[in-house]
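Report on the structure
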Amino acid sequence: MNGETISVIVPAYNIAAWLPRSLDSLLAQTHKDLEIIVVDDGSSDNIREVLREYTEKYPNIRYISKENGGVSLDTGDGAIHCLSIIGQVEGHYSLENTQKTTKYDHILPLLVSLEEEKKIQGVLILLNTLGGDVEAGLAIAEMIAGMKKPTVSLVLGGGHSIGIPLAVCTKKSFITPTASMTVHPVRMTGLVVGAPQTYRYFQRIQEQIADFVTANSKITKEKFEDYMMATGEMATDVGTILYGKEAVASGLIDKLGGLNDALAALHKMIDKKKGKN
């Protein structure tokens, strides 16, 4: 392989603390004609500063930056875009770099472009959420619910708090047997003004979430609120944990299934929209 250029692609997302060790290892390889391409998927840490030092010192290192989004797959009949919403939904405040986050200011314009892009025939949304900014999450859910293109969600691992509106906002929702949905009241961390207006604000946000969830699923508002305020399910919290079959039986999620089931449902909707039998 002497004389041949070898290109090594390094995907990166919020790994500024560990990237130097990886790059140093690659640079220590014996092959001389080595090209290193770091593809940054919209990191929020100081990865740009780290890479600036390396690219200035080593001309064989290239840096490509893109917005955090997802992957579009061309199936022959049109492209399906796979969008993952994982970790905490990051809203108006930036979270620590050690936490997995989905930034709503990246997702919102991406959804607009997906709706407008003619090559994209449908959107598959993969969910494994851990709460986050309620208003930001609800904004994403409202955007997805308003799309005309076929959309399918698949809950993997868990749908915690604001992950529930994100799971039900698509035209068809799936959950794996081992995944869970955690229904609990709205809360916040940090300084809270103990005034009636504050509690009324929380109540109104909870009502908005309940209204959205019940409008986009088969669960009744009464049952959803009962799940939200249950006291006998979690030892240190108020609320209810629903696993795969329970989430479907309650009417919260449409069907139990995995990736193949979600893709099959999405293709069926795409074919129907195209007028195919």
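Note that the structure is a prediction, hence the values are computed from the model and not measured.

The geometry of helix α3 (residues 104–116) relative to helix α4 (residues 134–145) is characterised by a closest axis approach of 10 Å and an angle of 10 degrees between their N-to-C directions. Judged by the angle between their axes, α3 and α4 are roughly parallel. Only A136, A139, I140, M143 and I144 of α4 make contact with α3, whose side of the interface consists of Y104, I107, L108, L111 and V112.

Here the focus is the nonpolar core. Core analysis: the largest hydrophobic core is formed by 45 residues, its most contacted members being L111, I140, M181, V213, F224, L252 and I253. Once residues within four sequence positions are removed from consideration, V213 is found in contact with I164, P165, V168, I219, F224 and L252. Judged by nonpolar contacts, the second largest core, of 14 residues, contains L19, L34, V38 and Y54.

A few words now on the pattern of salt bridges. Counted according to the given criterion, the structure contains 5 salt bridges. Across the pair D211 and K221 runs a salt bridge, and its minimum N-O distance is 2.8 Å. With D211 in helix α6 (residues 196–215) and K221 in helix α7 (residues 221–229), this residue pair connects regions lying 10 residues apart in the sequence. Using a relative accessible area of 39% as the deciding quantity, one classes D211 as partly exposed. You can call K221 partly exposed: its relative accessible area is 33%.

Now for empty space enclosed by the protein. With the rule as written, the count across this model stands at 1 cavity of 30 Å³ or more. Quantified by volume, the largest cavity comes out at close to 90 Å³. Forming the walls of the largest cavity are 13 residues, and the residues nearest its centre are S161, I162, H184, I209 and M228. Looking at the lining of the largest cavity, the elements with two or more residues in it are α5 (163–168), β10 (180–183) and α7. Its residues assigned to classes, the lining of the largest cavity comprises 10 nonpolar, 3 polar and no charged.

This paragraph deals with the pairing of strand β5 (residues 79–90). Consecutive side chains along a regular strand alternate between the two faces of the sheet. Here β5 runs beside strand β7 (residues 120–132); their pairing, made up of 10 bridges, is parallel. Within the sheet, the bridge partner assigned to G87 lies in β7 and is T129. As defined by bridge partners, β5 adjoins strand β6 (residues 101–103) across 3 bridges and the pair is classed as parallel. Residue E90 lies in a different strand from β6, and its bridge partner there is K103.

A separate point is the packing of aromatic side chains. Taken as a whole, this structure holds 1 aromatic pair when the rule is applied. Summarising the aromatic geometry, the rings of Y54 and Y58 are spaced 6.1 Å apart at their centres and angled 25 degrees between planes, so their arrangement reads as stacked. A relative accessible area of 26% places Y58 in the partly exposed class.

Looking now at α4. Over its 12 residues, α4 extends 16 Å from the first C-alpha to the last, a length consistent with the 16 Å expected when each residue adds 1.5 Å. All buried positions along α4 are accounted for by V134, A136, G137, L138, I140, A141 and I144. Elements that come into contact with the buried residues of α4 comprise β5, α3, β7, β8 (151–160), α5 and α6. Of the residues flanking the start of α4, the one acting as N-cap is D133, its side-chain oxygen 3.1 Å from the backbone nitrogen of E135.

Cut-offs and rules
Residues numbered from 1 in each chain as written. Predicted model: local features only at pLDDT ≥ 70, side-chain atom pairs only at ≥ 80, totals over all residues. Heavy atoms only, no water. Axes fitted to C-alpha atoms, helices over the stretch in contact; angles between N-to-C directions. Helix = DSSP H or I, 4+ residues; strand = E, 2+ residues; numbered from the N terminus. Parallel < 35°, antiparallel > 145°, perpendicular 65-115°, else oblique. Contact = heavy atoms within 4.5 Å. Core = buried A, V, L, I, M, F, W, Y, C linked by side-chain atoms within 4.5 Å. Buried < 20%, exposed > 50% of the residue type's maximum accessible area, 1.4 Å probe, protein only. Salt bridge = Lys/Arg side-chain N within 4 Å of Asp/Glu carboxyl O. 1 Å grid on protein atoms, 1.4 Å probe; cavity = no way out; pocket = protein on both sides within 12 Å on 5 of 7 lines; lining within 4 Å. Points joined across faces, edges and corners; volume = space filled by probe spheres on them. Nonpolar A, V, L, I, M, F, W, Y, C, P; charged D, E, K, R; others polar. Pairing = 2+ DSSP bridges. Phe/Tyr/Trp six-rings, centres within 6.5 Å; stacked < 30°, edge-to-face > 60°. Expected span 1.5 Å × (residues − 1). Polar contact = N/O pair within 3.5 Å; in protein donor to acceptor, adjacent residues only side chain to side chain.

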